[in-house]
Amino acid sequence: MTEPFGHAAKPKPILVCLVTLLSCMLSSSEEIVHHFKLSVEYMFWSPDCKESVVIGINGQFPGPTIRAHAGDIIWVDLTNKLPTEGVVIHWHGIKQIGSPWADGTASISQCAISPGETFTYRFKVDKAGTYFYHGHYGLQRSAGLYGLLIVDVAEGDKEPFLYDGEFSLLLSDWWHQNQLEMEVGLSSLPFRWIGEPQSLLLNGRGTYKSSLLPDFGNKWYRFEQDDDCAPEIINVLPNKTYRLRLASTTSLASLNVAIGNHKMLVAEADGNYVQPFFVDDLDIYSGETYSILVTTDQNPMTNYWLSVGVRGREPHTPPALTMLSYHSASSELPLFLPPPIPLWNNHTHSKLFSKRVLAAVGSPRPPRTSERRIILLNTQNKINGHFKWAINNVSLVLPHTPLLGSIKFGLQQGFDHKNPPDNFTSSYDVMNPPANPNSTYGTMVYKLDFNATVDVILQNANALKENVSEIHPWHLHGHDFWVLGYGEGLFSEQDKETFNLENPPLRNSVVVFPYGWTAIRFVADNPGVWAFHCHIEPHWHMGMGVVFAEGVERVGNIPSDAFACGLMRRIMD
């Protein structure tokens, strides 16, 4: 039943179980199933020209690109070949309608896959767009466990824009310290922060030494063809339009992307079409994806730099570079310097870009009102001297038994059933360090009425250190949401009047800026248990997230090996 990687098998009609029915019914049409066998393992690699141990898939880094059409089924047999660690894969941006157990979030949707074991993910990709997949256990994303997932429009459908060719760039950051050391440092006394990444990677390739970067004369480090770190040159023809898919799987860095002398037309964000607009550069935060259109209308006798640099944090990491190479210019270095990266703390530049992202004409509009509002205050805290991140003064700790199983099967001892707070005290001063930095642990499961419309206000605040408030990109599993607006300072009731209810963009990831707030709205219409968290990996690891549970009683049959741990082990045996 296994096909060669990237090809599709067309089986006979299959049985499809509907989550709203007790029985199964025959699918009204044939479904195309893409079957992949993936093995996760440690291996030696040199992503930035320094040999390190990475987590690879099928002997390659990054993992192989998975591609399918909207409406197809993806079937992945994932084998854990890590000798001493569990593993899961999250399919970032895929809503997992009818398959919440396949979301790939350890302790929420499934148990971690034990060393030597194989787990089967099977799910439908419901919407065309640019997505990716990554590890969701410990800090395995920072160790290289990720790859692209591209969903093309359904057979017979067309994109709303035209282009002559396509390229993809998977953006990531890289450390020379291994992820286990970083994990220990985050929970140690004294606290040891992971520090800034040594390099930025484009499709898993970068350089950490400035001597390997071009001196913008006629010198650039001459890579051998088989160097792991040799940049992938983007070869183009003159007077063509190319689609460039961008996906950020960074563990820490917010990034800025620009191409010398070329405008970029933004056309898609997080798998949703947007009103097209031109930019000279764009900011992309961890968890976000974009499609941009680039027309090769410049002098074809020279090449052009594509540069990626750090935003939102004082950069101690060299920019990542590759070339847009016109066919007639051979491999000559560009005549011009790389495009400048906006100042790292120029948040005005970032906000102007984010506010220009609007839904394409004809996109679904949000409900005019909501049934519930949850305000989530992001704070940096301490618990017994340990540095933590908290939401409404509770730092998330996930249980040993997956929450999907505990809630579906009514396991009262599976987790802390205390209702988390929908708001924080009105006297909290978001512009200064917390008066009382102490916090507590909790499971933070918000139980939502099925089909309810929910507003979430992400409220940023000062960290423990004075005059420090960080960028936090948040990602919601199992849903797209409407971004209703951004604001400065403390959110107030009057800020509702500024909400965009006409053409807000649909996203699955969104940024909250320093000392500001971001408002989103979604409909709790996907039965399951879903993480909502900061996509900066160490922040999530330190407790910056919550969980939404909705319609769990409607979830159909769940594979027994999803719950082969904790209290569920006795039930599934």
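These numbers were taken from a predicted model, which means no experiment stands behind them.

Colleague: Help me get a handle on the overall build of the protein chain, residues and values and all.
Modeller: Each helix and strand in the protein chain was counted, giving five helices and 34 strands. Overall size of the protein chain, expressed as C-alpha extent along the three principal axes, is 70 × 65 × 50 Å. Long-range contacts, defined here as pairs at least 24 residues apart, represent 78% of the contacts in the protein chain between residues at least 6 apart. Accessible area for the protein chain stands at about 23,500 Å²; split by element, carbon and sulfur atoms hold 52% of it.

Colleague: I'd like a description of the side chain of T105, backed by residues and values.
Modeller: Tracing the chain through its elements places T105 in the loop between β7 (89-92) and β8 (118-124). A relative accessible area of 1% places T105 in the buried class. For T105, the contacting residues outside a window of four places in its chain are Q110, H136 and H477.

Colleague: Describe the sheet that holds strand β15 (residues 254-259), listing the residues and the values that go with them.
Modeller: Read across the open sheet, the five strands follow the order β13-β21-β20-β15-β18; overall the sheet is mixed. Two strands bound the open sheet, and with one partner strand each, they are β13 (234-236) and β18 (281-284). Each strand of the sheet is rotated relative to its neighbour by a mean of 20°, with strand direction disregarded. Note: β13 against strand β21 (residues 320-326), three bridges, orientation parallel. Its bridge partner lying in β21, I234 is registered against L324. Packing against the sheet, helix α2 (residues 347-356) makes contact with β15, β18 and β20 (304-311), and its axis sits at approximately 90° to β18.

Colleague: Lay out the sheet that holds strand β11 (residues 165-174) in plain terms, naming residues and giving numbers.
Modeller: In space, the six strands of this open sheet follow the order β12-β11-β14-β19-β16-β17, with mixed pairing throughout. The strands lining the two open edges of the sheet, one partner per strand, are β12 (199-202) and β17 (272-279). Averaged over all pairs of adjacent strands, the angle between strand axes in this sheet comes to 25°, irrespective of strand direction. Where strand β16 (residues 264-269) and strand β19 (residues 289-295) come together, four bridges link them in antiparallel fashion. Across the sheet, the residue bridging to E268 is S291, located in β19. Packed onto the sheet, α2 meets β16, β17 and β19 and runs at close to 135° relative to β17.

Colleague: A description of the state of the cysteines should follow, citing residues and the corresponding values.
Modeller: Evaluation of the coordinates by the stated rule reveals two disulfides. For C49, the disulfide goes to C229, at an S-S distance of 2.1 Å. Taking the sign of the S-S torsion, about 100° here, the bridge from C49 to C229 comes out right-handed. Remark: C229 occurs in the loop between β12 and β13 and C49 occurs in the loop between β3 (33-45) and β4 (52-57); sequence separation between them is 180 residues.

Colleague: Tell me about the environment of H349, and name the residues and values.
Modeller: Structurally, H349 is set in helix α2. The exposure class of H349 is partly exposed, given its relative accessible area of 27%. For the pair H349 and D283, spaced 66 residues apart in sequence, the C-alpha separation works out to 8.9 Å. Ignoring any residue separated from it by four or fewer positions in sequence, one finds H349 in contact with N256, D281, D283, R311 and P342. A distance of 2.8 Å separates a polar atom in the side chain of H349 from a polar atom in the side chain of D281.

Colleague: Any details on the nonpolar core? Residues and values, ideally.
Modeller: Grouped burial of nonpolar side chains is what soluble globular proteins tend to show. In terms of nonpolar packing, the biggest core is built from 89 residues, with W91, Y121, L149, F532 and F548 touching the most fellow members. Apart from the residues lying within four places of it in its own chain, the contact partners of Y121 are I74, W75, V76, L78, V88, I89, W91, W101, A102, G104, Q110 and I113. If you look at the next biggest cluster of nonpolar residues, it comprises 33 residues, including L202, Y242, A269 and L306.

Colleague: Residues and numbers for the packing of aromatic side chains, please.
Modeller: Taken as a whole, this structure holds 24 aromatic pairs when the rule is applied. Geometrically, the ring pair formed by W91 and Y133 is tilted, given 5.4 Å between the ring centres and 45° between the ring planes. Of this pair, W91 sits in strand β7 while Y133 sits in strand β9 (residues 129-135), placing them 42 residues apart in sequence. W91 sits in the buried class, given a relative accessible area of 0%. Residue classification places Y133 among the buried residues on the basis of a relative accessible area of 0%. Chaining the aromatic ring pairs together yields one cluster made of W91, F119, Y121, F123 and Y133. The lysine or arginine in question, K408, covers the ring of F409, its NZ or CZ lying 5.9 Å from the ring centre.

Colleague: Run through the layout of surface pockets, naming residues and quoting values.
Modeller: Of the pockets and cavities examined, the second largest pocket occupies roughly 770 Å³. Around the second largest pocket, the lining comprises 33 residues; the ones closest to its centre are S107, Y137, G138, L398 and H541. The element that contributes the greatest number of residues to the lining of the second largest pocket is helix α1 (residues 179-186), accounting for three residues. Looking at the lining of the second largest pocket residue by residue, the class counts come to 17 nonpolar, 13 polar and three charged.

Colleague: Before we move on, could you go through the side chain of N80 and cite the residues and values that matter?
Modeller: Among the structural elements, N80 can be located in strand β6 (residues 73-80). You can call N80 buried: its relative accessible area is 1%. Within polar-contact distance, the side chain of N80 engages the backbone oxygen of E85 at 2.7 Å.

Cut-off values and rules
Residues numbered from 1 in each chain as written. Predicted model: local features only at pLDDT ≥ 70, side-chain atom pairs only at ≥ 80, totals over all residues. Heavy atoms only, no water. Helix = DSSP H or I, 4+ residues; strand = E, 2+ residues; numbered from the N terminus. Contact = heavy atoms within 4.5 Å. Areas by Shrake-Rupley, 256 points an atom, 1.4 Å probe, with all protein chains shown as cover. Buried < 20%, exposed > 50% of the residue type's maximum accessible area, 1.4 Å probe, protein only. Pairing = 2+ DSSP bridges. Axes fitted to C-alpha atoms, helices over the stretch in contact; angles between N-to-C directions. Disulfide = S-S within 2.5 Å. Polar contact = N/O pair within 3.5 Å; in protein donor to acceptor, adjacent residues only side chain to side chain. Core = buried A, V, L, I, M, F, W, Y, C linked by side-chain atoms within 4.5 Å. Phe/Tyr/Trp six-rings, centres within 6.5 Å; stacked < 30°, edge-to-face > 60°. Lys NZ or Arg CZ within 6 Å of the ring centre and 35° of its normal. 1 Å grid on protein atoms, 1.4 Å probe; cavity = no way out; pocket = protein on both sides within 12 Å on 5 of 7 lines; lining within 4 Å. Points joined across faces, edges and corners; volume = space filled by probe spheres on them. Nonpolar A, V, L, I, M, F, W, Y, C, P; charged D, E, K, R; others polar.

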